[in-house]
Amino acid sequence: LLDTNAKTNGPSGVYQLWDVVRTIANVCFVIAFLFIIYSTLTGIGISNYGIKEMIPRLIIAAILVNVSFWITALAVDISNLLGQNVNEIVMNIYRNSATGVDISWEAITSWVLAGGTISMIGFSAAAGTSFTSLGFILLAALISAAGAVLVAFIILAARQALITVLVAISPLAFVAYLLPNTRSLFSKWGKSFMTLLVFFPMFSLLFGGAQLAGAAIMENAGGRVHVVLIGLATQFVPLIIT
């Protein structure tokens, strides 16, 4: 999120946007501080009890506003590293448990279109149904898989965009934490941000688990092509869940 080589490239666009929002948030703090002083001198506006409650919040929020970029950036980095590590662990299990059977959408498509040439996918596949039926099953599976990939790509791209927006507006979110009437906005921001952070590790775990499940189904298909197709489709279930 923040380009560390600022001397040559300058700060990232996200940081620049966050800096503008931080300036606005700091102006809000000045207004809030002046309002507290006015209430203290005149007794109008906030009661003494309310002022005593707000001052600690004002100090905490002022600190968090000015370091919110690094807090949120660290949280994003932790989420991304956790998701990548989870995916790598599961995929290592998948690679170590592989039996050497090479089955893919390309291989099974070529096999069906070629009329069932066994050598094209490297395993004995005695079809339990006609190749015309297999063609329809394959077409339906390919359409479903393509649709799932497209939707998952859009959602992952939307996640990236939303995280960028939430990081940029984080100073205003901490300002909202200051006042009781706006604290619900801070809560909504926090829940949304946490959901987006948790999404990537959970997606990595589901996707890796589906690869293992699909491989297990295909390796125990016993030569039944439709079972192989089910195994391939299983690997796309996390994309549909997304």
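Preceding this paragraph is the structure being described.
Residues numbered from 1 in each chain as written. Predicted model: local features only at pLDDT ≥ 70, side-chain atom pairs only at ≥ 80, totals over all residues. Heavy atoms only, no water.

A. Expanded view of the pattern of salt bridges. According to the stated counting rule, one finds 1 salt bridge in the structure shown. As a salt-bridge pair, D19 and R22 come within 2.5 Å of each other at their nearest N and O atoms. Linking D19 with R22, this pair stays in helix 2 (residues 13–42), spanning 3 residues, or about one helical turn. By relative accessible area, D19 is classed as partly exposed at 27%. (Salt bridge = Lys/Arg side-chain N within 4 Å of Asp/Glu carboxyl O. Helix = DSSP H or I, 4+ residues; strand = E, 2+ residues; numbered from the N terminus. Buried < 20%, exposed > 50% of the residue type's maximum accessible area, 1.4 Å probe, protein only.)

B. Representation of the side chain of T72 within the structure. Counting through the fold element by element, T72 comes out in helix 3 (residues 48–97). What makes T72 buried here is its relative accessible area of 2%.

C. Main features of the nonpolar core. In terms of nonpolar packing, the biggest core is built from 24 residues, with F29, V167 and F193 touching the most fellow members. Of all the secondary-structure elements, those providing two or more residues to this core are helix 2, helix 3, helix 5 (131–168), helix 6 (170–176) and helix 7 (183–219). Ranked by residue count, the leading element in this core is helix 2, at 7 residues. Filtering out sequence-adjacent residues up to four positions away, F193 remains in contact with T72, A75, V76, I163, L166 and V167. (Core = buried A, V, L, I, M, F, W, Y, C linked by side-chain atoms within 4.5 Å. Contact = heavy atoms within 4.5 Å.)

D. Representation of the environment of A173 within the structure. As for its placement among the helices and strands, A173 is situated in helix 6. Given a relative accessible area of 8%, A173 falls into the buried group. Residues A173 and W189, spaced 16 residues apart in sequence, show a C-alpha to C-alpha distance of 6.6 Å. If we skip the residues at most four places from it in the chain, A173 touches F186 and W189.

E. Structural view of the side chain of S170. Mapped onto the elements of the fold, S170 is located in helix 6. In this structure the side chain of S170 is engaged in a polar contact, spanning 2.7 Å, whose partner is the backbone oxygen of V167. Those residues within four positions of S170 in sequence are excluded, and the remaining contacts are W18, S68, F69, T72 and W189. (Polar contact = N/O pair within 3.5 Å; in protein donor to acceptor, adjacent residues only side chain to side chain.)

F. A nonpolar patch on the surface, seen in detail. A surface patch of nonpolar side chains, amounting to about 520 Å² of accessible area, comprises I55, I59, I63, V67, W70 and I71. Inspection of the secondary structure puts I71 in helix 3. Taking relative accessible area as the criterion, I71 reaches 39% and is therefore assigned partly exposed. (Patch = residues over 30% accessible without salt bridge, like charges linked within 9 Å, V, L, I, M, F, W, Y side chains within 5 Å. Areas by Shrake-Rupley, 256 points an atom, 1.4 Å probe, with all protein chains shown as cover.)

G. Spatial organisation of the environment of Y15. You can see Y15 is positioned in helix 2. For the pair Y15 and W70, spaced 55 residues apart in sequence, the C-alpha separation works out to 9.7 Å.

H. How the structure looks around the packing of aromatic side chains. For the structure on display, the rule yields 13 aromatic pairs. Considering the side-chain rings of Y15 and W18, the 5.4 Å spacing of their centres and the 35° angle between planes classify their relative orientation as tilted. Of this pair, Y15 and W18 are both found in helix 2, 3 residues apart, which corresponds to roughly one turn of the helix. Seen in terms of ring centroids, Y15 and F69 are 5.1 Å apart; in terms of plane orientation they differ by 85°. Their pairing is edge-to-face. Highlighted residues: Y15 in helix 2 and F69 in helix 3, separated in sequence by 54 residues. Owing to a relative accessible area of 1%, F69 belongs among the buried residues under this scheme. (Phe/Tyr/Trp six-rings, centres within 6.5 Å; stacked < 30°, edge-to-face > 60°.)

I. Looking closely at the environment of A210. Mapped onto the secondary structure, A210 falls in helix 7. On the accessibility criterion, A210 (8% relative accessible area) is buried. A sequence separation of 21 residues divides A210 from G231, and the C-alpha atoms of the two residues are 9.2 Å apart. Here A210 is in contact with T234, Q235 and P238, once residues within four sequence places are set aside.

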